[in-house]
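One letter stands for each residue in the lines below.
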Amino acid sequence: MKPLRPLAYRRDDSGLHRALMQAAQHYLAANGDHRFADGGMLVKVALLLTLCGLCYGLSLQQQNGWAFFACYFGFIFIGMFLTVNVVHDASHNAFFRRPWANRWLNALVSVPLGLDPDCWRVRHVLFHHAHNNIEHYDPDIDANGVLRQTPFQRWRPFMRAQRYYWPLVAALTFPYYIWLFDWLDRAGRTRVAARMAQQGVRGWCGFLAGKAAHLLLVLAIPCWLLPPAIGIGQILLVYLLSQMLSSLLFVMLIIGTHWAKANFYQAPAQGAMPHGWYHHVFATTFDWLTRPRWLGYWLGGANLHLTHHLFPHWSHRHYPALSRIIGEVAPRFGIDYRLLELEELLRLQQRFLSAMGRKPH
């Protein structure tokens, strides 16, 4: 695939950058803290791994289809929470101080859900974070022929209904990534391949080992132990439904924060964006509140997504404090920062999908 032309941002927000970084460092110094995970985060990961293993073990003991579905879905669902809480931070080297420790942690906690951590790291960290909401540069908004996500993409008549069917597209995101896009990335059919940490035979060995471990855990062992009480067809169906339900929640929480502002850009011919990077993040991303507030901690700070984009190399345990810092600093530079309620975020998502579904003039 032809490489994309490098993009640059104007340097008109250096004052905002300095103010945010100084306030953040002052916060760390005042609390005698660091930006990485702490003991509480390790306890949270251990708890999630324990719950994930418990649900998995219970699923292998069921003789009733509905009981199996409940336990197995809990296993995959908590696997998704591990991805949100761990892979998101570790991919930015924000969990441990050592990059190699973050890579090994990602390899471990990615097994239940099945996403390849290196493919996801390149898509998310190197492409999405640097170019969010920029056509052809942000893989999260790539044209797929089903959902029109930017005003620059082709419109089709059935897209008038996309605000109704978009949950199905969101639900299929994980299965597509796990069983199609990861393989295309590793095979060099996308722009992701060239940026992966492991290349060649070594890269393929790590990739295949991760997929094999996932298949062994989620399908081979259940298909060996559960029949005839639970049929192989039932196991496959429950696996797919569990991935789809987890995918729906994940996509709604992450992608929806970029849809809500409905600002999208094409790469300029000269390769330089008309604004600075910080202004770009504020123009394309929202933070939103969880009710109750502590729920955001278990969502891995996914609700404070603008904060994550401004401080990607910080553990999400700091996001509430960093959000308050942003709320204090941004208005001094003429930037409006506000936290949405979940209901407002979902309403803005629907308004955006409706607008993109209308036939363009």
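Conventions used here
Residues numbered from 1 in each chain as written. Predicted model: local features only at pLDDT ≥ 70, side-chain atom pairs only at ≥ 80, totals over all residues. Heavy atoms only, no water. 1 Å grid on protein atoms, 1.4 Å probe; cavity = no way out; pocket = protein on both sides within 12 Å on 5 of 7 lines; lining within 4 Å. Points joined across faces, edges and corners; volume = space filled by probe spheres on them. Helix = DSSP H or I, 4+ residues; strand = E, 2+ residues; numbered from the N terminus. Nonpolar A, V, L, I, M, F, W, Y, C, P; charged D, E, K, R; others polar. UniProt positions renumbered as here; feature names shortened; annotations may be inferred. Phe/Tyr/Trp six-rings, centres within 6.5 Å; stacked < 30°, edge-to-face > 60°. Buried < 20%, exposed > 50% of the residue type's maximum accessible area, 1.4 Å probe, protein only. Expected span 1.5 Å × (residues − 1). Core = buried A, V, L, I, M, F, W, Y, C linked by side-chain atoms within 4.5 Å. Contact = heavy atoms within 4.5 Å.

## Some points on the layout of surface pockets
Move 1: Each pocket or cavity is described by its volume, and for the largest pocket that value is around 930 Å³.
Move 2: In terms of lining, the largest pocket is formed by 34 residues, of which the most central are Pro139, Asn144, Thr173, Tyr177 and Phe181.
Move 3: Residue assignment for the lining of the largest pocket shows that the elements contributing at least two residues are α5 (117–131), α6 (162–171), α7 (173–186) and α9 (232–254).
Move 4: No other element matches α7, which puts 7 residues into the lining of the largest pocket.
Move 5: The class makeup of the residues in the lining of the largest pocket is 24 nonpolar, 5 polar and 5 charged.
Move 6: Considering only enclosed or pocket space, the second largest pocket measures out at about 730 Å³ in volume.
Move 7: Lining the second largest pocket are 31 residues; nearest its centre among them are Arg103, Ala107, Pro117, Asp118 and Gln198.

## Side note on the UniProt feature "transmembrane region" (unreviewed entry) in the protein
Move 1: If you check UniProt for "transmembrane region" (unreviewed entry), the listed places come out as residues 41–60, 66–88, 164–181, 201–225 and 237–260 in our numbering.
Move 2: The span residues 164–181 shows a helical share of 94% and a strand share of 0%, and its end C-alpha atoms are spaced 25 Å apart.
Move 3: Taken end to end, residues 201–225 has its terminal C-alpha atoms 34 Å apart, with 100% of it in helix and 0% in strand.

## A look at the packing of aromatic side chains
Move 1: Applying the stated criterion across every chain yields a total of 21 aromatic pairs.
Move 2: Centre to centre, the rings of Phe174 and Phe250 are 5.2 Å apart; their planes meet at 40 degrees, and the pair counts as tilted. Residue Phe174 is found in helix α7, and its partner Phe250 is found in helix α9; the two are separated by 76 residues along the sequence. Assigned by exposure class, Phe174 and Phe250 land together as buried.

## Thoughts on α9
Move 1: The end-to-end C-alpha distance of α9 is 33 Å, a good match for the 33 Å that 23 residues give at a rise of 1.5 Å each.
Move 2: All of the buried residues along α9 are Ile235, Val238, Tyr239, Ser242, Gln243, Met244, Ser246, Ser247, Phe250, Val251, Leu253 and Ile254.

## Topic: the nonpolar core
Move 1: With 57 residues, the main nonpolar core has Tyr72, Phe75 and Phe250 as its most contacted residues.
Move 2: Elements with a contribution of two residues or more to this core: α2 (39–59), α3 (65–91), α4 (99–109), α6, α7, α8 (200–225), α9 and α15 (342–357).
Move 3: The contact partners of Tyr72, leaving out residues within four places of it in the chain, are Ser59, Val218, Pro222, Val238, Tyr239 and Ser242.
Move 4: In terms of nonpolar packing, the next biggest core, distinct from the first, is built from 23 residues, Leu20, Tyr27, Val281 and Ile335 among them.

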